[in-house]
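# Working through the structure, step by step
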Amino acid sequence: MARSGWVTPEGPERLTDHISLGVLTRVYPADVVDAVIERTGALEQRNRLLPSRLMVYYVMALALFSNGSYEEAMRSLLAGMEWLTGRYREWVMPTKAAIYKARTRLGSAVMVELFAQVAKPFADPGGPGFYKGWRLVSVDGTTLDLADTPANEKAYGRPGTKTDFKSAFPQARVLGLVECGTHAVISAVVAGCTTSEHDLYPAVLADLATDMLAMADRGFFSYTAWKDSAATGAALLWRMKANAVLPVHEDYGDGSYLSAVYPSSKDRAKDTHGIPVRVIEYNVTTESKATSGNETTDAPQTSMFRLITTILDPAAASSEDLAGLYARRWEIESSFDELKTHQRGPNVVLRSKTPDGVLQEIYGCLCAHYAIRSLIGTVAAEFDEDPLSFSFTRTIRAARRSIAARPAFSPSQAS
């Protein structure tokens with residue numbers, strides 16, 4: 001019997017039939033990898049035991065075997081490679097030092113470029129990832145614990161508090177743009193933990209498109225960020241802080257109203273340089289725990305949400321619909337949970353001890369996550385299922401089991 005949340009495709013194929021090292025090579029074909037290697041200058045200058053192409057796939061394999069050693073990840077990647085010929089017939093397991101040197105030669109640029117080139121939206125139009133022709137996407141950030149080295153702390157920073165207590169590990173901040181209907185990260189930028197999500201946001205603007213409805217939480221709003229985002233042609237639905245001043249210019253029948261955002265209070269007073277927005281306000285009640293003496297009881301807590309949108313016509317999207325859509329913004333949290341808990345493993349610290357190695361490893365994780373999510377999307381489309389009804393955990397377990405299957409590429413560039 002299938003587990004809750006797991007869909008068994010109806011037909012002669014199983015999901016695991018689609019999984020092998022082909023999980024990676026299908027999404028990142030050898031010719032695409034080779035082109036990115038050449039473009040970023042990561043091509044080895046002489047024949048090596050660990051050529052650049054192999055190391056690109058190895059970096060992604062590290063993300064799938066995050067609990068194993070460097071050697072175990074390499075052994076899992078190379079197991080069963082009967083296709084090795086010539087000098088590779090006598091191929092021996094490289095040492096940890098050799099793997100480290102090969103990763104250092106490869107660098108991070110190739111993984112950053114590979115992810116940027118390949119990671120694109122793929123939700124089917126008209127499916128649960130769309131609303132009236134708009135593709136639902138969400139932007140948010142998360143942090144990752146890094147190996148505790150002076151170089152990593154200097155490059156990425158270490159969280160602290162006002163009491164001078166500091167985190168046990170340096171941290172990197174990752175800002176992602178996620179397709180809500182598939183949980184695929186389609187754009188990402190990495191920086192130190194002291195860099196705010198708001199400051200990182202401009203780096204993902206280029207990946208917004210006119211068919212998207214982009215959702216963001218309170219911390220992302222500024223006049224400039226809103227103006228620049230609207231200029232991409234994407235529809236916007238962002239939450240505003242409770243103290244934001246949004247004058248009522250016109251009431252609409254669905255409870256929303258026309259307002260405007262301004263670059264300064266002076267501009268608002270003079271009604272200059274305003275950008276029209278539509279405001280939706282509603283309350284959300286959640287259950288929380290309240291303690292009275294020795295007793296703990298459920299206590300409802302009500303929060304007021306204020307959303308602004310570039311969709312000014314209520315006939316195009318009602319306030320009720322937009323309030324419901326904003327709840328889909330939280331799909332990005334599920335995507336980060338897949339990446340950090342199920343793929344990387346709970347409480348697992350990234351292993352790279354150098355700043356460039358950290359960047360390489362993070363984008364390797366993003367590439368691997370996108371490959372798994374892309375696979376699920378392909379199978380879901382084949383059997384007309386919702387991609388989010390497939391188990392990410394079971395899929396990644398199947399990928400790990402079959403990663404040693406015969407792959408579809410040679411370890412070195414074609415001669």
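Right above here is the structure, for reference.
So, here is what we can say about the structure in this document. Worth saying up front: this structure is predicted, and the values here are computed from it rather than measured.

A word on the packing of helix 12 (residues 331-343) against helix 13 (residues 355-382). Their axes nearest at 11 Å, the elements helix 12 and helix 13 cross at an angle of 110°. The pairing of helix 12 with helix 13 is recorded here as roughly perpendicular in orientation. Contacts from Ser-335, Glu-338, Leu-339 and Gln-343 of helix 12 reach helix 13 at Cys-365, Leu-366, Ala-368, His-369 and Arg-373. Its residues assigned to classes, the contact of helix 12 with helix 13 comprises 4 nonpolar, 3 polar and 2 charged.

On the secondary structure map, Ser-265 appears in helix 10 (residues 265-270). The class for Ser-265 is exposed, based on a relative accessible area of 53%. Sequence separation between Ser-265 and Val-245 is 20 residues; the distance between their C-alpha atoms is 9.1 Å.

We now examine helix 13. With 28 residues, helix 13 extends 41 Å from end C-alpha to end C-alpha; this agrees with the ideal 40 Å at 1.5 Å per step. The buried count for helix 13 comes to 22 of 28 residues, which makes it a mostly enclosed element. Directly beyond the C-terminal end of helix 13, a positive phi value near 55° is found at Asp-384.

On the secondary structure map, Glu-179 appears in strand 3 (residues 171-179). The buried category is assigned to Glu-179, whose relative accessible area is 0%. Within the structure, Glu-179 has its side chain in polar contact with the backbone nitrogen of Phe-122 (distance 3.2 Å). For Glu-179, the side chain forms a polar contact with the side chain of Arg-135, separated by 2.6 Å. Residue contacts for Glu-179: discarding those within four places in its chain leaves Pro-121, Phe-122, Ala-123, Arg-135, Leu-136, Val-137, Ala-184 and Ile-186.

All right, on to the pattern of salt bridges then. Evaluation of the coordinates by the stated rule reveals 12 salt bridges. With its nearest N and O atoms 2.6 Å apart, the salt bridge here joins Arg-53 to Asp-34. Pair noted here: Arg-53 is in helix 3 (residues 52-64) and Asp-34 is in helix 2 (residues 30-39), with a separation of 19 residues, a long-range link. A residue is classified by how much of its surface remains accessible, and Arg-53, at 5% relative accessible area, is buried. Judged by its relative accessible area of 18%, Asp-34 falls in the buried class. Asp-211 is the partner of Arg-135 in a salt bridge, and the nearest nitrogen-oxygen pair spans 3.6 Å. Placement of the pair is Arg-135 in strand 2 (residues 134-145) and Asp-211 in the loop between helix 8 (197-200) and strand 5 (212-216), with a sequence separation of 76 residues. What emerges from the salt-bridge pattern is a single network uniting Arg-135, Glu-179 and Asp-211.

Right, let's talk about the packing of aromatic side chains for a bit. The tally for this structure, following the rule as stated, stands at 9 aromatic pairs. Each ring, one from Tyr-201 and one from Trp-238, has its centre 5.7 Å from the other, and the planes form 85°; the classification is edge-to-face. Residue Tyr-201 is found in the loop between helix 8 and strand 5, and its partner Trp-238 is found in strand 6 (residues 235-239); the two are separated by 37 residues along the sequence. Accessibility expressed as a relative area gives 4% for Tyr-201, which makes it buried. Trp-238 sits in the buried class, given a relative accessible area of 1%. Consider the rings of Tyr-282 and Phe-305, whose centres lie 5.4 Å apart with planes at 20°: the pair is stacked. One end of the pair, Tyr-282, is in strand 9 (residues 275-292); the other, Phe-305, is in strand 10 (residues 295-309), and 23 residues separate them in sequence.

Moving on to the pairing of strand 5. Extensive coverage of strand 5 is indicated by the burial of 5 of its 5 residues. Covered by surrounding structure in strand 5 are Met-212, Ala-214 and Ala-216 together with Leu-213 and Met-215, the residues of both alternating faces. Taken together, the 4 bridges between strand 5 and strand 6 define a ladder with parallel strand orientation. Along strand 6, the bridge assignment pairs Leu-213 with Ala-235. Taking the sense of rotation as the criterion, the β-α-β connection linking strand 5, helix 9 (residues 223-231) and strand 6 turns out right-handed.

What counts and how
Residues numbered from 1 in each chain as written. Predicted model: local features only at pLDDT ≥ 70, side-chain atom pairs only at ≥ 80, totals over all residues. Heavy atoms only, no water. Axes fitted to C-alpha atoms, helices over the stretch in contact; angles between N-to-C directions. Helix = DSSP H or I, 4+ residues; strand = E, 2+ residues; numbered from the N terminus. Parallel < 35°, antiparallel > 145°, perpendicular 65-115°, else oblique. Contact = heavy atoms within 4.5 Å. Nonpolar A, V, L, I, M, F, W, Y, C, P; charged D, E, K, R; others polar. Buried < 20%, exposed > 50% of the residue type's maximum accessible area, 1.4 Å probe, protein only. Expected span 1.5 Å × (residues − 1). Polar contact = N/O pair within 3.5 Å; in protein donor to acceptor, adjacent residues only side chain to side chain. Salt bridge = Lys/Arg side-chain N within 4 Å of Asp/Glu carboxyl O. Phe/Tyr/Trp six-rings, centres within 6.5 Å; stacked < 30°, edge-to-face > 60°. Pairing = 2+ DSSP bridges. Right-handed = clockwise from strand over helix to strand, strands pointing away.

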